[in-house]
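Per-entry structural report
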Amino acid sequence: MDQIYSALLTMSLGVAGCILYFWGSNWLLGIIFPFRGQSHEQAARNLRIASSVRPWLFLGPALFFLFLYLVYPVIDSLRLSFMGRSGEEFVGISNYVWLFNDPEFQESLKNNVLWLLIVPAASTFFGLIIAALTDRVSWGNIAKSLIFMPMAISFIGASIIWKFIYDYRPTGSDQIGLLNAFVEYLGFEPQAWIAVPFWNNLFLMIILVWIQTGFAMVILSAALRGIPEETVEAAVLDGANGLQIFFKILVPQIWGTIAVVWTTITITVLKVFDIVLAMTNGQWNSQVLANMMFDWMFRGGGDFGRGAAIAVIIMVAVVPIMVWNIRNAQAQMEDR
Amino acid sequence: MSATQTQARSSTLVQRMKRISPLTIVVHLSVLLLVIMWTIPTFGLLVSSIRDKDQLAVSGWWTALSSSEQNLIARTNAPSTQVFENGVYILKGNIAPEGESVEVLAFGSSSQDPSAFEPGTTSTLRNGNTLNVETNGDYVFSSEKEFTGSRGKRIFYQAVEKPRWTLDNYREVLSSEGLGQSFINSLTVTIPATIIPILIAAFAAYALSWMQMPFRGLLLAVVIGLLVVPLQMSLIPLLRLYNEIAMYFGVGAKSYLGIWLAHTGFGLPLAIYLLRNYISNLPREIIESARVDGATDFDIFRRIVLPLSFPALASFAIFQFLWVWNDLLVATVFLGNGDEFLVLTGRLRELLGSRGGNWEILTASAFVTMIVPITVFFTLQRYLVRGLLAGSVK
Amino acid sequence: MTGLKLTNIKKSYGKTDVIHGVDLEVQKGEFIVFVGPSGCGKSTLLRMIAGLESITDGDLEISGERVNDLPAAMRGIAMVFQTYALYPHMTVYDNMAFGMRIAKADKAEIEKRVTDAADMLQLTPYLDRLPKALSGGQRQRVAIGRAIVRNPTVFLFDEPLSNLDAALRVATRIEIANLKEGLPDTTMVYVTHDQVEAMTLADRIVVLSAGLIEQVGTPLELYNKPANTFVAKFIGSPAMNISKAKLSKAGDSSVLALPNGNSFEVPISSAAGLEGQDLEWGVRPEDMLICQDNDTELLSGSVMFIESLGEVTLLHIDCGGEDSVVAKLPGIADVKKGDQISLTAPADKLHVFDNKGVSFLYL
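Residues numbered from 1 in each chain as written. Chains lettered and ligands numbered in written order. Predicted model: local features only at pLDDT ≥ 70, side-chain atom pairs only at ≥ 80, totals over all residues. Heavy atoms only, no water.

**What to know about the packing of aromatic side chains**
- A complete count under the given rule lists 41 aromatic pairs over all chains for this structure.
- Taken together, a centroid distance of 5.9 Å and an interplanar angle of 45° make the contact between Phe58 of chain A and Tyr206 of chain B tilted. Note that Phe58 of chain A is positioned in helix 2 (residues 40-80) and Tyr206 of chain B in helix 6 (residues 179-210), a pairing that runs across two chains.
- Using a relative accessible area of 1% as the deciding quantity, one classes Phe58 of chain A as buried.
- Arranged with centres 6.0 Å apart and planes meeting at 20°, the rings of Phe65 of chain A and Tyr69 of chain A form a pair that is stacked. Of this pair, Phe65 of chain A and Tyr69 of chain A both sit in helix 2, 4 residues apart, roughly one helical turn.
- The class of Tyr69 of chain A is buried, set by a relative accessible area of 2%.
- A connected cluster of aromatic rings, assembled from ring pairs, spans Tyr21, Phe22 and Phe58 of chain A together with Phe203, Tyr206, Phe298 and Phe301 of chain B. (Phe/Tyr/Trp six-rings, centres within 6.5 Å; stacked < 30°, edge-to-face > 60°. Helix = DSSP H or I, 4+ residues; strand = E, 2+ residues; numbered from the N terminus. Buried < 20%, exposed > 50% of the residue type's maximum accessible area, 1.4 Å probe, protein only.)

**Topic: the packing of helix 8 (residues 231-249) of chain B against helix 9 (residues 256-279) of chain B**
Residue and element names in this part refer to chain B.
- Axis separation between helix 8 and helix 9 bottoms out at 12 Å; the angle between their running directions is 145°. The hand of the helix 8/helix 9 crossing is right-handed. Contacts from Leu231, Ser234, Leu238 and Tyr242 in helix 8 reach Gly258, Leu261, Ala262 and Phe266 in helix 9.
- Class assignment for the residues of the contact of helix 8 with helix 9 results in 6 nonpolar, 2 polar and no charged. (Axes fitted to C-alpha atoms, helices over the stretch in contact; angles between N-to-C directions. Left-handed = near helix turned anticlockwise from the far one by under 90°. Contact = heavy atoms within 4.5 Å. Nonpolar A, V, L, I, M, F, W, Y, C, P; charged D, E, K, R; others polar.)

**Remarks on the domain arrangement of chain B**
- Domains assigned within chain B are domain 1 (68-162) and domain 2 (170-391).
- Placing a centre on the C-alpha atoms of domain 1 of chain B and another on those of domain 2 of chain B gives a separation of 62 Å. (Domains from an automatic or database assignment.)

**A short note on the packing of helix 2 (residues 92-102) of chain C against helix 4 (residues 136-149) of chain C**
All names here are of chain C.
- The contact between helix 2 and helix 4 brings their axes to 8 Å, and the two run at 30°. With respect to each other, helix 2 and helix 4 are oriented roughly parallel. Viewed along their axes, helix 2 and helix 4 form a crossing whose handedness is right-handed. Residues Val92, Asn95, Met96 and Met100 of helix 2 lie in contact with helix 4, whose contacting residues are Val142, Gly145, Arg146 and Val149.
- Grouping the amino acids of the contact of helix 2 with helix 4 by side-chain chemistry returns 5 nonpolar, 2 polar and 1 charged. (Parallel < 35°, antiparallel > 145°, perpendicular 65-115°, else oblique.)

**A closer look at the environment of Gly21 of chain C**
Residue and element names in this part refer to chain C.
- By secondary structure assignment, the location of Gly21 is in strand 2 (residues 16-27).
- A relative accessible area of 17% places Gly21 in the buried class.
- Separated by 37 residues in the primary sequence, Gly21 and Gly58 place their C-alpha atoms 7.7 Å from one another.
- If near-sequence neighbours (up to four positions away) are discounted, Gly21 is found in contact with Asn8, Ile9, Lys10, Gly211 and Leu212.

**Quick look at the interface of chain A and chain B**
- Between chain A and chain B, the residue contacts involve 113 residues of the former and 118 residues of the latter.
- Taken together, both faces of the contact between chain A and chain B bury some 10600 Å²; the carbon and sulfur share is 79%.
- Here chain A and chain B share 1 salt bridge between them.
- Of the charged contacts, one joins Arg54 of chain A and Asp297 of chain B as a salt bridge, the two residues approaching to 3.9 Å between their closest N and O atoms. (Buried area = accessible area lost by both parts, 1.4 Å probe. Salt bridge = Lys/Arg side-chain N within 4 Å of Asp/Glu carboxyl O.)

**Section: the sheet that holds strand 3 (residues 88-94) of chain B**
Residues and elements named next belong to chain B.
- Pairing is antiparallel across the open sheet formed by 5 strands, whose spatial order is 2-3-7-6-5. Whereas interior strands pair on both sides, the edge strands pair on one side only; in this sheet they are strand 2 (83-85) and strand 5 (123-124).
- With 2 bridges joining them, strand 5 and strand 6 (residues 130-133) adopt antiparallel strand pairing. Its bridge partner lying in strand 6, Thr124 is registered against Thr130. (Pairing = 2+ DSSP bridges.)

**With respect to the pairing of strand 14 (residues 278-283) of chain C**
Residues and elements named next belong to chain C.
- When you tally the buried positions in strand 14, you get 5 out of 6 residues, the bulk of the element.
- Of the pairings in the sheet, the one linking strand 11 (residues 241-249) to strand 14 comprises 6 bridges and is antiparallel in character. Within the sheet, the bridge partner assigned to Lys244 lies in strand 14 and is Glu280.
- The sheet contact formed by strand 14 and strand 20 (residues 351-353) spans 3 bridges and is antiparallel.

So, in structure tokens, the structure goes:
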């Protein structure tokens, strides 16, 4: 309980500090460059100065945090990736040389490609299907809500949920995992699913698809509803059937949104490590980059050089999407 | 316009699609199937977490409602309770555990053959003793010799196992597994880490939307770029930085302040982006009108923009809350695994390692970690959806 | 006394000039309307007066003081916006009191001014309501009330009626006209693209086009003596018919040589140097007449299209020019599509412009 009180205290102090900063700096600005009770010339000059300073006061804390927690680390990670395990001595590109010769890394890279191909595609596909179907039933909102719910569950919680489903008992005893029980019901041998190399990747991916489909569904459903109804009506008059309307009229109109959903999930996939950590911790050929990076950060006291090198590889994969995003946003702003 | 015309006009897309598709039932069934597929994993977890741990370990949760046969062992009352009647020593009682009832299917006296005798038949055992167990569990154990020892005799029996529901699993994880402490730790991390960035981001978003300044476009591009920077890039440099600062002041590198600030930094790009999208779409004339009315930027922000941006602020708050609550990576790196710092996700990961086979622990723990975000999710879903729509880079 | 003075005001965004140098002097208490097609810079000019846009070059004076660098709040102006711009989270009372509260005015004073303004605009029953609970017309009145409370020396309106439906627009227009009577010392500047609003409200109208003033004058001056073909076509509906001719004789009155071979004398003087030059002449549709026996035919052609409005009939006639000629005849005219028709007009109703479009009256 004491902890809660101190947390609440710190929180109020933090918020009060923020308010004090914004209010105080604004007040100070008014004192240094007053505009009331001045000659017109002087007031105009002071106002000009104050209004060129004020945006930076407003932005100050945000810029500070963005720089310290995101910009500086990106640069420093790049630097560290050329350093040894403690981050002190320069080792050239040897971290990268090691990386590309490391079988674990090659496996991670292969698995990551697999994840990048399958998860965004599957989530977007299911999201689109569900969005389209739920719009046609009266209880669609409840259905959406339930399918969306996994978004609120932590990756680690989701991992436990699914580990329970994949649970394996030797043949002969009752299966308590849903999947093996089902497999046995169909008359096949139960398997320790997450220990079967290659295929286990798919079983881990299912978890992320389960979580991300809700996200895709919500965005795509809004996009589908944003389509002018007249285009559907026109297609109906032209004699198109339901499927034709969906694939030839609706889907082409939301390509932009589909791309957005796809890239957003792609980013999530690149960063996700909790699932692999919880399910297999990279055993049975299921390693991915993010988990490998986490591993190297702490393995044997931590190897900062190699960890940073892996982080840089993840970053490189993100850069194209980053550029694309910035371009889109700028194009959109010019439209306004 | 006639009534029918009005109706035709207002008929929605849903109705239209219904009319043109003869497959309405198929649609309903498919949606139902999808919903079941998506909810059954969580449902199974919930059901399992309130089952008796012995039952949970041997049968699937989908059988939880049906009774099953079980081989069980009971002990008679202690020999000290024996009575001497008609020349034999008798032990009487009921084999059901304290406060419960049983339905005996069969009984026996050895573990090899717990179903040797029908209930209600007085059976002679190998050593000449007789035993009778009724269906309701009443037993009569008789012997010509006096019972000795301090413990009762063992009775093996087969009984119908009724489903047993219990909150014991929750009691156990909250107290002895340390989940209660972790729950408080999680709250300690999450609340400040949700509130601090909001204010900072709101001011920044206002400046980027409505104030004349150089480099505005550039700064926005930077924010959008930072939106997708993987956390992994930040971890090592920040960990080093934290260690150095801690060393300088001679304190531990793991602290709540550290993680609050870290989450603030990591949450800011989304916060600024989301709030700017909203704030820059506020009607320009309202802002200008306030300016004509003599309001300074600070006044405009406080009295006009902040109250009008409530939906966006709520959206971001929910996002950040869910993200921080569910985060494992940042917590592990910046708080570590000490008991006073271990958050729910970290505790869950630890349990997964140490109690990997104890599903009663894992299911109950997982549900404890999920309860807060799921409640938030269902009560504030509206804002979450709105935030998602505004927050994805279009 | 001068209320508002613009001297060579210019505005450019980067390299794009949008206002090319505007000079204008407005008397205190005058009601001035800026009118022009969309994109002509009328709103920009208003926003520069308000202090919402910076002034690239030139001087802006309010009540004799240069205010170029003063922020909006210190210029003594108030503005009514097209979309009302009410603060949606504040009640009507708070909306009207906002400006004075910001200025930290005395509570009793605020109360008095707000209730006075509310009385004047019949808003008293709605003071506790939020804007979303009001109708469009009431919202516009609140916006006006908010401006009145500020007690401005210059009152600015940016297309305040364009978001209202037709009936409300007329009612609110009358209200604004009453407001003007009630505030005789307040200079008002009103921007619109609607010439009816301009003609009915204005003391003087400023016609703008592409960042330049085309003409400044009272409504009737603009109607009767347009300075150039732009103003001639812009004021009046349907627009003035403009055709080509040559000046065959200059002097106190001018003689036009029409393309159909006729000569037509108009009582407008012209300089001798213009003789033999190309010119344009115009006549308003409502001044057109069907030729009687002795009339000189100005134009002739076949009727392409007839609009019968009851009180008048509009004939669209193909006279061989680029645009069809419109004639507005009183009552229901007995004309059929395809009829050949020849038109004339009283000589004093003709407008004559030189080959650059400038009226002979202003050469």
